[in-house]
Amino acid sequence: MVMMSFLPPVSELLSSLARVPRGASFALPLLVISICSGCISSGGRIEPVDDPPLVSDTAPAPQLHDVPMAASEAKSEGDSEVPVAVAESEQHEAPPKPGDLTELIVRGRTRDLVIRDLVAEGQAQLRDVQLQYVFTGKDRHEVLRGRPVAFALWSEAQKNWTIAHLEIPRPPVKWKPGRGELPFTVRTPGIEARHVKGTGAERLMFTFSRGGEELQVYGRKFPVFDNTLIKKKRWHEAAATARSIVYLPFTRDTLDPRLIAGGRDFLLATARGAIDELRDARVPSEAFPGELIADVIPAEVIATLAVIEQTDDEDFLEKGTDAFDEVLSQYGLKREEAYRYSVSSAKALGPMQFTDRRGHGTYSFVVRSCRGAQLDPNFERGSTRLPNAMKAAVCLLDIALSQMNSEIRAAYRAKPDVLGIFPVAAYNGGGRNVAKLYRALNRMGVPLAELRRAGKLPPGSAVVCPCVWREEGSLVQAVSIPRYNRENSGYIEKYQSILSLFD
């Protein structure tokens, strides 16, 4: 049995590494301490997972090899089971009763306000809807047949609401995208449905029609089960204790330019607020001793991560920056509630997609390493509350930077937005991918000082992205990144593409 020592404080680790030769000082910490949040950048693909554990205040420091590798490398599409503790932590005001609402459509009102009213009434329509659980079999062979879900549908032609009841597969969900259609049953007569995306609380969405009219979706009621009961096949208990949440995933019916702009402003304001809290707490930087962490990580970088982590890779390849608009629109509409139910196959949770591994994963490591930030020690609560999760992301990026060599850190300090590709690569894929990116740039003959903001490829360009942009003389040109990790290089491409949106 190999005995492993506990991880010392980052400052002590950096001190000990200062005596290692330059080449080793770059590779050793990156390979041994690969830190990342565990993202969902491929859009939330579905694989059944257990509940993420709660983080104990008294949990011991992680062992050196317990700091997680890149949890995001095992990706698939959709979203996995939400921990019931997250559903129980909702603190929203009760929706208004339908009779208490004012007239929805007012002439001259902007569309974003009309959307907000429709979503509010959709929520009210679903408040008292009962989800019907059906069991099949007898005695010990009795099982829960499926997961009931209800949708609030608005008819623009008839100016009325319909509640559509569907039944989708119960967990654990074995369906995967690209392997046929998701099986489901429509329980409401006269309604036709088509599955659009996802199977879980964050992304499950359908389109609906009736008599040839497309109905607009403005609400969804979804039951969250206790995974422990599901694993033990205690179906009646699982149904009896299910927490029904009323939440609207992204739908084309709510896409609006004002909501997109509002989402951008909301994310920037929230990131700046998180950084201001770190500044007020005088939290020191590990990467740049003598400086505050608030002066090291720009709010724009944190805001980009909140979008990138929820942008599906395939959507980005197909739609380009329009895929970012869908995520920003959801933030504009749902604000702090947006993406709190996002769970990846690697158990990454919340808008910033942090992982935790029974108290010894990335989130717990950051909580213990960045004590001055006063992060919420409860993983499920801390990772699903955006201001706290953003503070944790700032700490994680600073820790990742502290493990990089002096050349990267110096270049980053001069241009943190452009050289943000390195801490962002670490956030997605850990230190190993940082080392691979660094070596790739060396092979390409691209000095870090020549890296620049991304531009637009001219029509007919032979350059294939993912790429970086370098300045040579008076020209800024794109250079393809050699293949080193498809997901990580794509993640960097998304970062460079969205960064200008937060200027």
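Refer to the structure presented above.
Notes on the structure in this doc start here.

1. A short note on the sheet that holds strand β10 (residues 451-452)
Next up, step 1: Strand order across the open sheet formed by three strands is β10-β11-β12, with antiparallel pairing between neighbours. Here the strands that pair on one side only, and so sit at the sheet edges, are β10 and β12 (475-480).
Next up, step 2: Looking at chain direction, β10 and strand β11 (residues 467-472) are connected through two bridges and run antiparallel. The residue bridging R452 from the neighbouring strand is W469, located in β11.
Next up, step 3: Along the sheet, helix α15 (residues 421-444) contacts β10, β11 and β12; its crossing angle with β11, the most-contacted strand, is approximately 50 degrees.

2. Points about the state of the cysteines
Next up, step 1: All told, the structure shown has two disulfides when counted by the stated rule.
Next up, step 2: One disulfide in the model links C370 with C395; its S-S distance is 2.1 Å. Linking C370 and C395, the disulfide has an S-S dihedral of approximately -55 degrees and is accordingly described as left-handed. Of this pair, C370 sits in the loop between α11 (362-369) and α12 (379-384) while C395 sits in helix α13 (residues 386-402), and the two are 25 residues apart along the sequence. The residues C370 and C395 share a single accessibility class, namely buried.
Next up, step 3: With a sulfur-sulfur separation of 2.1 Å, C465 is cross-linked through a disulfide to C467. Taking the sign of the S-S torsion, 55 degrees for the link of C465 and C467, the bridge is right-handed.
Next up, step 4: Residue C465 is classed as partly exposed on the basis of its relative accessible area, which comes to 28%.
Next up, step 5: Judged by relative accessible area, C467 falls into the buried class, the value being 0%.
Next up, step 6: Here the cysteine-cysteine linkages of the chain are recorded as 1-2, 3-4, numbering only bonded cysteines and doing so in sequence order.

3. Details of the layout of surface pockets
Next up, step 1: Computed from the structure, the largest pocket encloses a volume of approximately 1,000 Å³.
Next up, step 2: Every residue lining the largest pocket is counted, 39 residues in all, and those nearest its centre are F316, C465, P466, E493 and K494.
Next up, step 3: Counting only elements with at least two residues in the lining of the largest pocket, the list comes to α9 (313-319), β11 and α16 (486-498).
Next up, step 4: Here the lining of the largest pocket is composed, by residue class, of 17 nonpolar, 10 polar and 12 charged.

4. Observations regarding the side chain of D315
Next up, step 1: By the element assignment, D315 lies in helix α9.
Next up, step 2: Owing to a relative accessible area of 15%, D315 belongs among the buried residues under this scheme.
Next up, step 3: Apart from residues lying up to four places away in sequence, D315 is in contact with K197, G320, A323 and E326.

5. Points about the nonpolar core
Next up, step 1: Core analysis: the largest hydrophobic core is formed by 124 residues, its most contacted members being F151, F208, L267, M352 and F422.
Next up, step 2: Per element, the largest residue contribution to this core is 12 residues, and it comes from α13.
Next up, step 3: Ignoring anything within four residues of it in the chain, the contact list for L267 reads A303, A306, V307, L328, Y331, L386, M390 and F502.
Next up, step 4: In terms of nonpolar packing, the next biggest core, distinct from the first, is built from seven residues, L144, F225, L229 and A238 among them.

6. Examining the packing of helix α8 (residues 299-308) against α13
Next up, step 1: Closest axis-to-axis distance for the α8/α13 pair is 10 Å, and the angle between their directions is 115 degrees. As the angle between them shows, α8 and α13 are arranged roughly perpendicular. In this structure, α8 meets α13 at a crossing whose hand is right-handed. Side by side, α8 and α13 meet where V301, I302, L305 and A306 of the first sit next to M390, A393, V394 and L397 of the second.
Next up, step 2: A per-class count over the contact of α8 with α13 returns eight nonpolar, no polar and no charged.

Cut-offs used in this document
- Residues numbered from 1 in each chain as written.
- Predicted model: local features only at pLDDT ≥ 70, side-chain atom pairs only at ≥ 80, totals over all residues.
- Heavy atoms only, no water.
- Pairing = 2+ DSSP bridges.
- Helix = DSSP H or I, 4+ residues; strand = E, 2+ residues; numbered from the N terminus.
- Contact = heavy atoms within 4.5 Å.
- Axes fitted to C-alpha atoms, helices over the stretch in contact; angles between N-to-C directions.
- Disulfide = S-S within 2.5 Å.
- Buried < 20%, exposed > 50% of the residue type's maximum accessible area, 1.4 Å probe, protein only.
- 1 Å grid on protein atoms, 1.4 Å probe; cavity = no way out; pocket = protein on both sides within 12 Å on 5 of 7 lines; lining within 4 Å.
- Points joined across faces, edges and corners; volume = space filled by probe spheres on them.
- Nonpolar A, V, L, I, M, F, W, Y, C, P; charged D, E, K, R; others polar.
- Core = buried A, V, L, I, M, F, W, Y, C linked by side-chain atoms within 4.5 Å.
- Parallel < 35°, antiparallel > 145°, perpendicular 65-115°, else oblique.
- Left-handed = near helix turned anticlockwise from the far one by under 90°.

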